[in-house]
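Given next are the chains, with one letter for each unit.
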Amino acid sequence: MDAEPTPRKELSSAELGAVAHLYRGEVYRSTIWRTRLDTTTNWAVVTLGVALSISYAAPDASPLPLVLVGVLIIFFLALEARRYRYFNVWRARARWMEVHFYAPMLAEGDLHMEEGWQRTLAEDYLRPRYHVPFMVALGRRVRRNYLWILLIQALAYLGKIAVHPTPVASLDEALTRADAGPIPGEIMLLMGGLYIAAGIAVALWSKHDDRRRNRRRGRAKSDSMG
């Protein structure tokens, strides 16, 4: 049987330099993927702006573009959540080295390698994996950016029905304006309410899951990452 590896007590100067370069590489990769997150958010904002321009361009313009743009927003959100999972890998590794390598070295001059943080980092390189599930990533992006985009979309849609081109005089008139072809206005408004409620629910659920993960990480500082 293979003998257990001898626990590391310290790093040589060459190894310290290698870790420093490794940290720089992880920061660079996290920066690149952070830029990609901003790109998909910008796409969602631009498409919503186009839908707003079309719907409010003329008195008889339909509010339907504000509904259809929701499909693109969901697509961009899903794409951004996927990108966030990649970004989170590089960010978590960089943060891990900041907490367990740089901070102890600067504060105490002791890397505390007996805690095993270096084995957790090595395992993440040997067997790379996502650190957060897709739904958690989705909820985080909703909380950071997309909840505001969804609310602006909903307010623009309701505003188009309520005041453009003239204020509605009754609920029946508002429901008539909300009609989309064969789909009654009541159904359109109900679907819109479910659309916004789903976004809020995912955001709240991911926040609760993040708190649970943070509590678990606090109990096992050298065994978890991400």
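The preceding data block contains the structure.
Read on for a plain summary of the structure. All figures in this text were calculated on a predicted structure; none of them were measured in a lab.

**Here we look at empty space enclosed by the protein**
Considering all chains together, one arrives at one cavity of 30 Å³ or more under this definition. Residue lining of the largest cavity: Ser62, Pro63, Leu64, Val67, Tyr157, Ala178, Asp179, Ala180 and Met188, and that is the complete set. For the lining of the largest cavity, the residue count by class is seven nonpolar, one polar and one charged.

**Some remarks on helix α2 (residues 64-107)**
Of all the bends in α2, the greatest measures close to 35 degrees and is centred on Glu98. Backbone geometry just after α2 places Gly109 at a positive phi near 75 degrees.

**As for the pattern of salt bridges**
Enumeration over the complete set of coordinates arrives at eleven salt bridges. The closest approach of N and O atoms between Arg212 and Asp209, which form a salt bridge, is 2.5 Å. In this pair, Arg212 and Asp209 both sit in helix α6 (residues 185-219), three residues apart, roughly one turn of the helix. Classification of Asp209 by relative accessible area gives buried; the value is 9%.

**Regarding unusual backbone geometry**
Across the junction of His164 and Pro165, the peptide omega takes the value 5 degrees, indicating a cis bond. Secondary-structure assignment places Pro165 in the loop between α4 (134-163) and α5 (171-178). Unlike most non-glycine residues, His112 shows phi in positive territory, near 50 degrees. Positionally, His112 belongs in the loop between α2 and α3 (117-126).

**Regarding the packing of aromatic side chains**
One pass over the full model with this rule turns up eight aromatic pairs. With 4.8 Å between their ring centres and 90 degrees between their planes, Phe101 and Tyr102 make a pair best called edge-to-face. The lysine or arginine in question, Arg85, covers the ring of Tyr130, its NZ or CZ lying 3.9 Å from the ring centre. The aromatic ring of Tyr56 is capped on one face by Lys160, whose charged end is 5.8 Å from the ring centroid.

**Considerations on the packing of helix α1 (residues 13-55) against α4**
Between α1 and α4, the least distance of the axes is 11 Å, while the angle of their chain directions is 0 degrees. The angle between α1 and α4 falls in the class roughly parallel. Every residue of α4 that contacts α1 at Arg34, Leu37, Thr40, Thr41, Ala44, Val45, Leu48, Leu52 and Ser55 is listed here: Arg141, Asn145, Tyr146, Ile149, Ile152, Gln153, Ala156 and Lys160. A per-class count over the contact of α1 with α4 returns nine nonpolar, five polar and three charged.

**Comments concerning the nonpolar core**
In this structure, Leu66, Ile73, Tyr84, Tyr146, Ile149 and Tyr157 are the most contacted members of the largest nonpolar core, which totals 33 residues. Elements with a contribution of two residues or more to this core: α1, α2, α4, α5 and α6. Not counting residues up to four positions away in its chain, the partners in contact with Tyr84 are Leu37, Val132, Ala137, Arg140 and Arg141. Among the nonpolar cores identified, the runner-up in size contains twelve residues, and Val19, Trp96, Leu111 and Met113 belong to it.

Reading the values: the criteria
- Residues numbered from 1 in each chain as written.
- Predicted model: local features only at pLDDT ≥ 70, side-chain atom pairs only at ≥ 80, totals over all residues.
- Heavy atoms only, no water.
- 1 Å grid on protein atoms, 1.4 Å probe; cavity = no way out; pocket = protein on both sides within 12 Å on 5 of 7 lines; lining within 4 Å.
- Points joined across faces, edges and corners; volume = space filled by probe spheres on them.
- Nonpolar A, V, L, I, M, F, W, Y, C, P; charged D, E, K, R; others polar.
- Bend = angle between axes of the 7 residues up to and from the residue.
- Helix = DSSP H or I, 4+ residues; strand = E, 2+ residues; numbered from the N terminus.
- Salt bridge = Lys/Arg side-chain N within 4 Å of Asp/Glu carboxyl O.
- Buried < 20%, exposed > 50% of the residue type's maximum accessible area, 1.4 Å probe, protein only.
- Phe/Tyr/Trp six-rings, centres within 6.5 Å; stacked < 30°, edge-to-face > 60°.
- Lys NZ or Arg CZ within 6 Å of the ring centre and 35° of its normal.
- Axes fitted to C-alpha atoms, helices over the stretch in contact; angles between N-to-C directions.
- Parallel < 35°, antiparallel > 145°, perpendicular 65-115°, else oblique.
- Contact = heavy atoms within 4.5 Å.
- Core = buried A, V, L, I, M, F, W, Y, C linked by side-chain atoms within 4.5 Å.

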